[in-house]
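Fold and contact review
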Amino acid sequence: MKTVGVFDSGVGGLSVLRALLAELPGVRFVYVADSAYAPYGERTVSEIADRSERITAWLRNTHHIDALVVACNTATALAIDSLRATHPDLPIVGVEPALKPAAATSHTRHIGVLATRGTLNSERFARLRTQLENTASSPVHFICQPCDGLADAIERDDLPAQQTLCERYVAALREHAPGDMDTVVLGCTHYPFAADALAQLLGPDVALVDTGEAVARRTRDVLNMSDPKGTNATPPVLLSTGDPAALSLAAQRWLDLPTRAAKLMV
Ligand code: DGL
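Residues numbered from 1 in each chain as written. Predicted model: local features only at pLDDT ≥ 70, side-chain atom pairs only at ≥ 80, totals over all residues. Heavy atoms only, no water.

**Describing the packing of helix α2 (residues 45-63) against helix α3 (residues 73-86)**
In the contact formed by α2 and α3, the axes pass within 9 Å of each other and the chain directions differ by 55 degrees. Taken together, the axes of α2 and α3 are oblique relative to one another. Crossing hand, α2 versus α3: right-handed. Touching V45, I48, A49, S52, E53 and T56 of α2 are T74, A75, L78, A79, S82, L83 and T86, all from α3. (Axes fitted to C-alpha atoms, helices over the stretch in contact; angles between N-to-C directions. Helix = DSSP H or I, 4+ residues; strand = E, 2+ residues; numbered from the N terminus. Parallel < 35°, antiparallel > 145°, perpendicular 65-115°, else oblique. Left-handed = near helix turned anticlockwise from the far one by under 90°. Contact = heavy atoms within 4.5 Å.)

What follows is the structure in structure tokens.
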């Protein structure tokens, strides 16, 4: 049985784990929520690189993982290159905001992007954006909105704060969009858990796009599992550097997973 390590700054990566469990039955997943250090979105590059390296080394030494999924846009943007340099023998799959699928399907060519400040300010994101602006079949406009505090409000399960922040950031997107937006990219793995509030505010004509399924397919490819068999007989191992009860609750509520999370000191 293959083992895949998955980590995020907190509970957000569960949105990716949900897609991984559906795509890869029979794989054993070890999920680390780095909640003691969340949110990553407003941390420095060296802090995020250090946390990513510690967690990856621990997953390798303790669980002998066959692959790693960085289920965090911010850690992918700021730390995946250094992780790949330190672990050249480990297949590593990252998550980036779904600009490409959004550009492929948008009719109005005005696409909102909600993500952390760290992701939007990264060179990796700038490259992705410029590449698409220069190569898309017809001109495309990305309206990028940093969502300070939103991942943290989801992490804390603070619904009133989530609602207030969603209202603020949707209003900002509308104010800055030069035309009708028909697509909004959820560029942080926490945001699918605020999708209902965002969809309500954006209305039925705006599609929300995230990357969970694409990441799960890519992980299947790097594991060389063309026809994965099994029925998730092994429940995922859930670990949190913060409060394991909060991770257990999120996994129960969003993924219907009865697994109790444990505390991880790393
Ligand atoms: N879930 C993470 C992401 O995809 C990070 C959110 C945060 O910790 O700021 O960017």
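**A closer look at the site of the ligand**
In the vicinity of the ligand lie 13 residues, with S9, Y40, G41, T74 and H190 positioned nearest. Within the backbone of N73, one N or O atom sits 2.8 Å away from an oxygen atom of the ligand. Protein contacts shield 99% of the accessible area of the ligand, which totals 300 Å² for the unbound molecule. Here the shell around the ligand is composed, by residue class, of five nonpolar, seven polar and one charged. (Near = heavy atom within 4 Å. Polar contact = N/O pair within 3.5 Å; in protein donor to acceptor, adjacent residues only side chain to side chain. Areas by Shrake-Rupley, 256 points an atom, 1.4 Å probe, with all protein chains shown as cover. Nonpolar A, V, L, I, M, F, W, Y, C, P; charged D, E, K, R; others polar.)

**Considerations on the pattern of salt bridges**
Enumeration over the complete set of coordinates arrives at 13 salt bridges. We note a salt bridge from D50 to R54, for which the minimum N-O separation is 3.1 Å. With D50 and R54 both in helix α2 and four residues apart, the pair spans about one turn of that helix. Between D157 and R253 there is a salt bridge, and its shortest N-O distance comes to 2.9 Å. Highlighted residues: D157 in the loop between α7 (150-155) and α8 (159-176) and R253 in helix α11 (residues 244-255), separated in sequence by 96 residues. On the accessibility criterion, R253 (46% relative accessible area) is partly exposed. (Salt bridge = Lys/Arg side-chain N within 4 Å of Asp/Glu carboxyl O. Buried < 20%, exposed > 50% of the residue type's maximum accessible area, 1.4 Å probe, protein only.)

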